[in-house]
Amino acid sequence: MPNCVRGDSMGDSGDDALGVWLEQAPLAELIDAAGRLRDEAHGRCISYSRKVFIPLTHLCRDVCHYCTFAEPPRAGRRAYLSPDEVLAIARAGAAAGCTEALFTLGDKPELRYRAARDALDALGYETTIAYLQAMCALVLRETGLLPHANPGIMSRSEMAGLRTVSASQGVMLESLSERLSGPGGVHFGSPDKRPEARLETLRLAGELRVPFTTGILIGIGETRGERLEALFAIRDLHRRFGHVQEVIVQNFRSKPGTKLAGAAEPDLDDLLWSIAAARLILGATMNIQAPPNLSPGVYPRLIAAGINDWGGISPVTPDHVNPEAPWPAITELAERTAAAGKLLVHRLPIYPAYARDLATWAAPEVAKQVRRLSDAEGLARDDHWAPGATAAPQAPTIHARSVDPAIEALIERAQAGNRLDSPEIVRLFAARDADYQRVIDAADDLRRETSGETVRYVVNRNINYTNICSYRCRFCAFSKGKTHEALRGAPYDLALQEIVRRAVEAWERGATEVCLQGGIHPEHTGETYLGICRAIKAALPEMHIHAFSPLEVTQGAATLGRPIRSFLAELKDAGLNTLPGTAAEILDDEVRAVICPDKVNTAEWLEVARAAHGLGLRTTCTIMYGHVEHPLAWARHLILLRDLQMESGGFTEFVPLPFVPMEAPMYLKGQARRGPTFREAVLMHAVARLALHPHITNIQTSWVKMGPQGAAACLKAGANDLGGTLMNESISRAAGSEHGQEFPPEAMEVLIRSLGRTPEQRSTLYGPVPEERRAASLNAAALAPVVLTPPRKLIAAA
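Sequence order as written defines the numbering, with residues in each chain counted from 1. The predicted origin of the model limits local features to residues at a pLDDT of at least 70 and limits the giving and counting of side-chain atom pairs to 80 or more, whereas totals for whole chains, interfaces and linings rest on all residues. Just so you know, side-chain values use all the structure's heavy atoms and leave hydrogens and water out.

1. Here's the deal with the overall build of the protein chain
Within the protein chain, the regular secondary structure consists of 30 helices and 18 strands. Taken over C-alpha atoms, the radius of gyration is set against a globule rule of 2.2 Å times the number of residues to the power 0.38. A compact globule built from 798 residues would reach a C-alpha radius of gyration of about 28 Å, and the protein chain, at 30 Å, matches this within 12%. Relative to its 798 residues, the protein chain shows a buried fraction of 62%. Contact definition: two residues touch when any of their heavy atoms are within 4.5 Å. Nonlocal contacts in the protein chain, meaning residues at least 24 apart in sequence, comprise 78% of its contacts between residues at least 6 apart. To be clear on the numbers: accessible area is Shrake-Rupley with a 1.4 Å probe, and residue cover counts the displayed protein chains and nothing else. Counting only carbon and sulfur atoms, one obtains 53% of the accessible surface of the protein chain, whose full area is about 28,500 Å². When charges are tallied, Lys and Arg are placed among the positive residues and Asp and Glu among the negative ones, while His and the ends of the chain are skipped. Charge positions come from single atoms, namely NZ of Lys, CZ of Arg, CG of Asp or CD of Glu. The average position of the 86 basic charges and that of the 93 acidic charges among the side chains of the protein chain differ by 3 Å. Note on conventions: DSSP H or I runs of at least 4 residues are helices, E runs of at least 2 residues are strands, and numbering of each starts at the N terminus. Type-normalised accessible area, obtained with a 1.4 Å probe on protein chains alone, sets the label of each residue: buried when under 20%, exposed when over 50%, and partly exposed for intermediate values.

Written as structure tokens, this is what we have:
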């Protein structure tokens, strides 16, 4: 493989050398090089977009000699689809699980046909593209499908207008051959197919930061050298702007009724050569597409040549451009892709690299919907599950016949206790299909080896002592602001006697632990926290107090002018036994700057945990995931926890907390994803088991966020702990969780036994509990109504 294929900058001489090699090397050599280059960036994944095809108009001012899509006006046939017709097609697509609305239409028919001008006048629009923009906005608003627009040549203002309502746009370059626009050429009489006009459209898309689709059409009279010229031109524009998200290599198909009816079509080797050339010119990361309906029966060979995308596939509408070529069924495509050793993944019309940088590549309203539809990698969500919802989760379908050897190697390293680095952990989080099943099976094997078949839980009560908070975490639906505004329910600040009453009631119901957390009330000081501990211990000397996140500790210490370690020592003397490792969210300051900019940073959180461990105060550790972050942040988070645990040994368990979106402010504003997918949520538990081994041995699943069925799946994917019974759960419920406020011991044990596992009630520190405590917890009396004390200053009590 020439150095220029590896990305070395060699200028025109490098392009010349690459071109010579591409034209002279044996096809098998090119295919081998292209396949290996593709795998460097895309691995096992071959993507597709589930789309609905909306042919807004078949009128076109161009007369391409191979096209059956363009048609002249006909009496009795409307020139354009009406808004109701557009919506009907889009709604059918949405009902079938599509995420893309592909608008295809002829170029500027109003410049040729009076019928088009009259139709636009009747609709109230001056141009076809103005009507297209309105229809994109309608579909986006009414169905949530993401429009992809293919209107042909556009001006800067037209493209900018479409950008506000579409996720992506495109125009096929087709060819740079001027000959094809001359007499006898396939583009003769088609002004919009002039190469310079199409290149200018590509350039404008780059300037306007539009994620753009383009490509070449082979077999229409061009030479191989002209194909290479077009591919080099696409590459050069992409190097300049970074906006070309996919390049289609489309083979000409002759169609009856056209001037090229009966013309020779490019053979398979010619198509494979063109695909390989595109990959080798455009590089490892480019998305190279070949439409599967135009080459049925040869999918493995297209994959081998270097594609990583099948393009749009519709379960609802035909390919209006190639109506003679039906789409493959998506299940069939998945099976045939798997047979070639790859995994079919569903993407959006905006590719992952662009979906991960929406501030640059999408308009605000479009970006909101991209977030709602995407997973953590920027691909389309693969289920309709959301944390906190009662909808039953579905296990992913397995198509692949084998597991990626790279996955097997990572599992082996993790099971041996080796420290995985960030890229390795990210690779585990990307596991899908058979790779996903292998990761969760390996995590469960490691769980069995580490903690046996016992599933533990603790009988506890959550006491959220105030929902008034001076911080502005954008994910939080629980807290109320300084002004006590009644947002999402009334603000409260529990009286000390109510806190103690709840603790006593919990003890009577068999609890061994009270977990206390709350908002950062502007009038609370360190004395508040000390007073709470002392009051509970005075009433219940044997109750384990699990309280105060690193944020509360930091604030309490600051109000008293104490160092963190000194304040922690005072809390310990006052009766504090352990700390919850919440407020961690994502231990990545780039993410924290978005979701909780005024909260403790990563180093501060770790320092509180380190100081607590140094005083013999053990803590849990958590992650709150599925909002704005990506898997690299998950990996960084796990590595920081592992490293601190190796240093201090103070973490008792790791608790993944999936983001519950329903009432979260940043989700309601369209600034966050809809929580993790079910696959991602299960993987968080599985990958944590592998990445934290052997240092953190307990992986807990949150029933209040995952739901009982989701928690059961996690217990089969590396988790060994079901957490607490809670009695009162306020924070997830405020965010929209539909699961109950209590999971009593009897129900927990039924769930655990249904998995063939043994339930065991535990203490906070994973020790046994007295039989008296267990007996009290079974068939406990109903809770008395809670009292939510109106806002006031909570007097710290000695």
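Continuing now.
2. What to know about the packing of helix α18 (residues 496-508) against helix α19 (residues 526-539)
Note on method: axes are straight lines fitted to C-alpha atoms, helices fitted across the in-contact stretch only, with angles between N-to-C directions ranging 0 to 180 degrees. One can describe the packing of α18 onto α19 by two numbers: an axis separation of 10 Å at closest approach and a directional angle of 45°. Taken together, the axes of α18 and α19 lie oblique to each other. As α18 packs across α19, the resulting crossing turns out to be right-handed. Here L496, I499, V500, A503 and V504 of α18 lie close against α19, whose contacting residues are G531, I532, A535, I536 and A539. When an angle is under 35 degrees it counts as roughly parallel; over 145 it counts as roughly antiparallel; between 65 and 115 it counts as roughly perpendicular; any other value is oblique. Left-handed describes a crossing whose near helix is turned anticlockwise from the far helix by less than a right angle; the clockwise case is right-handed.

3. What about the confidence of the model for the protein chain?
For every residue, the predictor reports its confidence as pLDDT, a number between 0 and 100. Model confidence for the protein chain is summarised by a mean pLDDT of 94, while 95% of its residues fall at 70 or above. Contacts from residues 482-486, a stretch scored under 50 in pLDDT, to residues over four places away or in other chains number eight contacts. Residue range residues 793-798 is modelled with pLDDT below 50. Its contacts to residues more than four positions away, or to other chains, number 15 contacts.

4. Here's the deal with unusual backbone geometry
With an omega dihedral of 0°, the bond running from H693 to P694 counts as a cis peptide bond. Note that P694 resides in the loop between α26 (678-691) and α27 (703-715). At L726, a residue that is not glycine, the phi angle is positive and equals roughly 75°. The class for L726 is buried, based on a relative accessible area of 11%.

5. Things to note about the sheet that holds strand β14 (residues 576-579)
Pairing is parallel across the open sheet formed by six strands, whose spatial order is β11-β12-β13-β14-β15-β16. Two strands bound the open sheet, and with one partner strand each, they are β11 (460-464) and β16 (651-658). Put simply, the sheet's adjacent strands are angled 25° from each other on average, direction ignored. Between any two strands, pairing holds if DSSP finds at least two bridges. Inspection of the sheet shows strand β15 (residues 618-625) paired to β16 by six bridges, in the parallel sense. Looking across to β16, one finds that I623 is bridged to P656. Packing against the sheet, helix α23 (residues 602-614) makes contact with β14, β15 and β16, and its axis sits at approximately 160° to β15.

6. Some words on the pattern of salt bridges
In what follows, salt bridge is the name for a side-chain nitrogen of Lys or Arg lying within 4 Å of a carboxyl oxygen of Asp or Glu. Applying the stated criterion across every chain yields a total of 67 salt bridges. Between R679 and D382 there is a salt bridge, and its shortest N-O distance comes to 3.2 Å. On the criterion of sequence distance, the pair formed by R679 in helix α26 and D382 in the loop between α14 (364-373) and α15 (405-415) is long-range, its members being 297 residues apart. Judged by its relative accessible area of 3%, R679 falls in the buried class. A salt bridge links R448 to E453; the shortest N-O distance between them is 2.8 Å. Assessed through its relative accessible area of 32%, E453 is described here as partly exposed.

7. Side note on the packing of α19 against helix α21 (residues 564-574)
Between α19 and α21, the least distance of the axes is 8 Å, while the angle of their chain directions is 20°. Relative to α21, the element α19 lies roughly parallel. In the packing of α19 onto α21, the handedness of the crossing is right-handed. Along its contact with α19, which presents G526, Y529, L530, C533, R534 and K537, the element α21 presents F567, E570, L571 and A574. Along the lines of polarity and charge, the residues of the contact of α19 with α21 split into six nonpolar, one polar and three charged. Three classes are used, and their members are as follows: Ala, Val, Leu, Ile, Met, Phe, Trp, Tyr, Cys and Pro are nonpolar, Asp, Glu, Lys and Arg are charged, and the others, Gly among them, are polar.

8. Examining the nonpolar core
Formed by 123 residues in total, the largest nonpolar core has its most connected members in V439, L516, F548, L571, W605, F654 and L722. Here the element with the most residues in this core is α26; it accounts for ten residues. Residues in contact with V439, not counting those within four places in the same chain, are I407, I411, L428, A431, L683, A686, V687 and L690. The nonpolar core is taken to be a set of buried Ala, Val, Leu, Ile, Met, Phe, Trp, Tyr and Cys residues, with the residues joined through side-chain atoms within 4.5 Å. The next biggest cluster of nonpolar side chains, apart from the first, holds 93 residues, and it includes C98, L204, A233 and A290.

9. Digging into the environment of A88
Within the fold, A88 resides in helix α3 (residues 83-95). A C-alpha to C-alpha distance of 54 Å links A88 and A547, two positions 459 residues apart in sequence.

10. Focus on the pairing of β14
Sheet analysis places strand β13 (residues 544-547) next to β14, joined by two bridges and oriented parallel. Each bridged residue has a counterpart across the sheet, and for H546 the counterpart in β14 is T578. Relative to β15, β14 is paired through two bridges, and the arrangement is parallel. Paired with T578 across the two strands is R618, which belongs to β15.

11. Some details on the side chain of R227
Residue placement: R227 occurs in helix α8 (residues 224-241). Whenever a nitrogen or oxygen atom comes within 3.5 Å of another N or O atom, the pair is scored as a polar contact, on the condition that within protein one atom can donate a hydrogen and the other can accept it, and that pairs from neighbouring residues in sequence are kept only if both atoms are in side chains. A distance of 2.8 Å separates a polar atom in the side chain of R227 from a polar atom in the side chain of S274. Once residues within four sequence positions are removed from consideration, R227 is found in contact with I216, I218, G219, E222, D270, W273 and S274.

12. Side note on the environment of M172
Turning to its location among the elements, M172 is positioned in the loop between β4 (168-170) and α7 (195-207). For the pair M172 and K193, spaced 21 residues apart in sequence, the C-alpha separation works out to 9.3 Å. M172 has contacts with R198, T214, G215, I216, L217, I248 and Q250, leaving out every residue within four places of it along the chain.

13. A few points about the pairing of β16
Counting buried residues along β16, eight of its eight residues qualify, which places the element largely inside the surrounding structure. You can see the chain leave β15, run along helix α24 (residues 631-648) and come back into β16, and the turn it takes is right-handed. Orienting the strands away from the viewer, one traces the path from the first strand over the helix to the second; a clockwise path indicates a right-handed crossover.

14. Observations regarding the sheet that holds strand β17 (residues 721-724)
Hydrogen bonds along the backbone pair up the strands of a sheet, which may run parallel or antiparallel. Ordered in space as β17-β10-β18, the three strands form an open sheet in which the pairing is parallel. Each edge of the open sheet is held by one strand with a lone partner, namely β17 and β18 (758-761). Averaged over all pairs of adjacent strands, the angle between strand axes in this sheet comes to 20°, irrespective of strand direction. Direction of pairing for strand β10 (residues 454-458) relative to β18: parallel, over a ladder of four bridges.

15. Looking at the packing of aromatic side chains
Aromatic rings from Phe, Tyr and Trp, taking only the six-membered ring of Trp, are treated as a pair when their centres fall within 6.5 Å; an angle between ring planes under 30 degrees marks them as stacked, one over 60 as edge-to-face, and anything in between as tilted. Taken as a whole and assessed by the stated rule, the structure comprises twelve aromatic pairs. Ring geometry for Y299 and W310: centres 5.0 Å apart, planes at 50°, overall tilted. In this pair, Y299 is assigned in helix α10 (residues 299-304) and W310 in strand β8 (residues 309-313), connecting sequence segments eleven residues apart. Both residues of the pair, Y299 and W310, count as buried. Ring pairing ties together the aromatic residues Y80, Y125 and Y131, which thus form one cluster. Charge-over-ring contacts are defined here by two conditions on Lys NZ or Arg CZ: a distance within 6 Å of the ring centre and an angle within 35 degrees of the ring normal. Lying across the ring of W273, R224 places its NZ or CZ 4.2 Å from the centre. The ring of Y299 has R336 sitting right over it, with the charged end atom 3.8 Å from the ring centre.

16. Notes on the side chain of H65
For H65, the position within the fold is in the loop between β1 (45-57) and α3. Those residues in contact with H65 that lie beyond four places of it in its chain are G185, V186, F188, T258, K259 and L260.

17. Things to note about α24
Expected span, for any helix, means 1.5 Å times one less than how many residues it has. The first and last C-alpha atoms of α24 sit 26 Å apart over 18 residues, in line with the 26 Å expected at 1.5 Å per residue. Buried within α24 are the following residues: P631, A633, W634, A635, H637, L638, I639, L641, R642, L644 and Q645. Tucked inside the fold, the buried residues of α24 contact α16 (422-429), α22 (589-595), α23, β15, β16 and α26. G649 sits one or two positions beyond α24 and adopts a positive phi of about 65°.

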